[in-house]
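Structural overview
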Amino acid sequence: MNDSNVIDSSVLQRQGPLAAYQARLASGELRFDPDQERVVKSFNQLWMQLGNLPPRRSAPRPGLLTGLLRRVKPEPQVKRPRGLYLVGRVGRGKTMLMDLFFECVPLQRKERIHFLRFMQDVHKTLYDMKRSHPNMADPIPPLAKNIASRVDLLCFDEFQINDIADAMILGRLFEALFAEGVIIVTTSNTVPGELFQNRPGADAFKPFIAIIHRELDTVELDSPRDYRRGRQQEQTTWITPADSQAKKCLDEIFEKYAAGQEARPYTIQLSGRTFEVDQAAGSVARFSFTSLCEQPRGPGDYIALAKQFPVILIDDVRVIGDEETNLARRFITVIDALYDNGNLLFVSAEASPDELFTTGEGADAFARTASRLAEMGSESWLERGAQAARAAHSAL
Ligand SMILES: Nc1ncnc2c1ncn2[C@@H]1O[C@H](COP(=O)(O)OP(=O)(O)OP(=O)(O)O)[C@@H](O)[C@H]1O
Ligand SMILES: [Mg+2]
């Protein structure tokens, strides 16, 4: 943990994002970047507006989506500031800047959540509501009311629309959240106008894009550099080619994190289904690329895996064909889940991350995955991940 992380959050809340950003530049933690500074100024403005917000309801209860069916009192309409939609290419500092802003926001009722995780919660809650109240005509308004009863500000990292089911829920959910006065701030790699485009059902999604334009200011971050690449080290987290030497290397890494436990197949229990791990022991899980990515699995499965095993090994990652867009998307989802959770990842592969999927549909999104994989091989990543693995092991 660096020094700025241990600064009391009340100090940050008084300083605001611009002063906090400047302090990190002065300490050498960050390099000056004029484009980032411009974005921080937008965040600073919103921070000032949020500081002047009149108080809303009290008594938040734990958990963003729990306790849905309790009655929520109507509240008077208050004019809310517009949210922000921060978009830019990979590794430009979007997440870092949004997190800095989030820490500075002087509201109690704020939540920062990875967008995939938020959608998992939404699906689960809708499912539970339908089961316990089969006659409920439309669960989305009460869901939105409940979220609004506990948060004024929702910050999403990596807003993305992956499937039609999410696309259909989100338009109505966001509309209801905005009507309730919730302020949304999000990062994304995709400009609003291109979300879920060129996909079946894209037309039905267009009104949602209009809502985003209406409610959020889009701010682009286009720094000249990918900061992840700057810190890339020569590490053996990504081993090519996937030959017998690479396998031996992964065997050794597995043994290290298995910490004396025997490797065996393992079943992760999920609500209503299971997820089979090829080999697991201690804090490590190991898969072939085929069994991890060539089955119909979704973000919930990969998030559960990431949470349960701090160290993941994948054997024999292969080059993905242009037509294999589902496979590419699944691999992106795996890496997003592991990256967001801070896992250690060791891979044997046919080619480098940059060469795995270069021209098929979704190759742009894959570029972010390659950038992330670079960061997941950096020294600081390995240090943090190893700490988490040790902590998990001592808790076993
Ligand atoms: N000005 C800077 N100086 C030094 N390091 C930086 C700077 N900006 C960002 N970084 C670091 O670069 C890495 C990538 O930044 P970040 O994760 O915020 O990028 P991102 O734009 O969210 O990327 P993605 O689109 O892939 O999510 C982070 O570890 C971050 O702390
Ligand atoms: Mg990010």
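Just so you know, the residues in each chain are numbered from 1, in the order the chain's sequence is written. For naming, the first written chain is A and the first written ligand is 1, with later ones following in the order written. At least 70 in pLDDT is required for a residue's local features to be given in this predicted model, at least 80 for side-chain atom pairs to be given and counted, and no such filter applies to totals for whole chains, interfaces and linings, which use all residues. The basis for every side-chain value is the complete set of heavy atoms in the structure, and neither hydrogens nor water enter the calculation.

An unreviewed UniProt entry annotates the protein chain as Cell division protein ZapE originating from Acetobacter thailandicus.

1. Considering the sheet that holds strand 2 (residues 110-114)
Worth spelling out the cut-off: Strands pair, by our definition, only if DSSP identifies at least two bridges between them. Helical segments are the DSSP runs of H or I of at least four residues, strand segments are the runs of E of at least two, and each set is numbered from the N terminus. Think of each axis as a best-fit line through the C-alpha atoms, taken over the contacting stretch in the case of a helix, with angles from 0 to 180 degrees between the N-to-C directions. Contact between two residues is taken to exist if any of their heavy atoms lie within 4.5 Å; hydrogens are not considered.
Strand order in the open sheet formed by five strands is 2-3-4-1-5, and the pairing between neighbours is parallel. Each edge of the open sheet is held by one strand with a lone partner, namely strand 2 and strand 5 (216-221). For this sheet, the mean inter-axis angle between neighbouring strands, taken without regard to orientation, is 15 degrees. Bridge analysis of strand 1 (residues 83-88) against strand 5 gives six bridges, and the strand direction is parallel. Across the sheet, residue L84 finds its bridge partner in strand 5, namely D217. Each of strand 2 and strand 3 (153-157) touches helix 5 (residues 115-132); the most contacted strand, strand 2, lies at about 100 degrees to it.

2. Quick look at the side chain of D301
Filter applied, for reference: Residue exposure (1.4 Å probe, protein chains only): buried if accessible area is under 20% of the type maximum, exposed if over 50%, otherwise partly exposed.
Residue placement: D301 occurs in helix 12 (residues 299-308). Residue class for D301 comes out buried when judged on its relative accessible area of 2%. Sequence-distant contacts of D301, defined by excluding residues within four places in its chain, comprise L270, R273 and F275.

3. Some remarks on the site of ligand 1
Where we set the bar: Whether a residue is near a molecule or strand depends on its heavy atoms: if one lies within 4 Å, it is near. Between N or O atoms, a polar contact is any pair within 3.5 Å; within protein, one atom must be a potential hydrogen donor and the other a potential acceptor, and residues adjacent in sequence are included only when both atoms are from side chains. Only the protein chains shown count as cover for residues, and all accessible areas are computed by the Shrake-Rupley method using a 1.4 Å probe. Each domain's limits were defined by an automated method or a database of domain assignments.
Close contacts around ligand 1 come from 20 residues, with G91, K94, T95, M96 and N189 the closest. Between Q36 and ligand 1, the recorded distance is 2.9 Å, taken from a side-chain N or O atom to a nitrogen atom. In the model, an oxygen atom of ligand 1 is placed 3.0 Å from a nitrogen or oxygen of the G93 main chain. Out of a free accessible area of 640 Å², ligand 1 has 90% covered by protein chains. Mapped onto the shell around ligand 1, the elements with two or more residues apiece are helix 4 (94-104), helix 9 (227-230) and helix 14 (363-375). Taken together, domain 1 (3-221) and domain 2 (227-395) each give at least three residues to the shell around ligand 1, which thus spans both.

4. With respect to unusual backbone geometry
In the segment running from T240 into P241, the intervening peptide bond is cis, with an omega of -15 degrees. With a phi angle near 65 degrees, E158 is a residue other than glycine that sits in the positive phi range. By the element assignment, E158 lies in the loop between strand 3 and helix 7 (164-179). You will see that F196, though not glycine, has its phi angle at about 55 degrees, which is positive. With respect to the secondary-structure elements, F196 resides in the loop between strand 4 (183-188) and helix 8 (202-215). On the basis of relative accessibility, which here comes to 6%, the residue F196 falls in the buried class.

5. Concerning the packing of helix 5 against helix 12
The criterion, for reference: Throughout, the term roughly parallel applies to angles under 35 degrees, roughly antiparallel to angles over 145, roughly perpendicular to angles from 65 to 115, and oblique to all others. Less than a right angle of anticlockwise turn of the near helix away from the far helix marks a crossing as left-handed, whereas a clockwise turn marks it as right-handed. Each residue is assigned to one of three groups, with Ala, Val, Leu, Ile, Met, Phe, Trp, Tyr, Cys and Pro labelled nonpolar, Asp, Glu, Lys and Arg labelled charged, and all others, Gly among them, labelled polar.
Between helix 5 and helix 12, whose axes approach to 10 Å, the crossing angle comes to 115 degrees. Taken together, the axis directions place helix 5 and helix 12 in an arrangement best described as roughly perpendicular. By crossing handedness, the relation of helix 5 to helix 12 is classed as left-handed. Contacts between helix 5 and helix 12 pair L116, R117 and Q120 from the former with P299, G300, I303 and K307 from the latter. Grouping the constituent residues of the contact of helix 5 with helix 12 by class yields three nonpolar, two polar and two charged.

6. Here's the deal with the pattern of salt bridges
Keep this limit in mind: We define a salt bridge as a contact between a side-chain nitrogen of Lys or Arg and a carboxyl oxygen of Asp or Glu at a distance within 4 Å.
Counted according to the given criterion, the structure contains 26 salt bridges. Between R80 and D152 there is a salt bridge; the shortest N-O distance is 4.0 Å. In this pair, R80 is assigned in the loop between helix 3 (34-51) and strand 1 and D152 in the loop between helix 6 (140-150) and strand 3, connecting sequence segments 72 residues apart. Neither residue differs from the other here; R80 and D152 are each classed as buried. The salt bridge partner of R264 is E262, with a shortest N-O separation of 3.8 Å. The structure contains a network of salt bridges with shared partners spanning E158, D336, R368 and R372.

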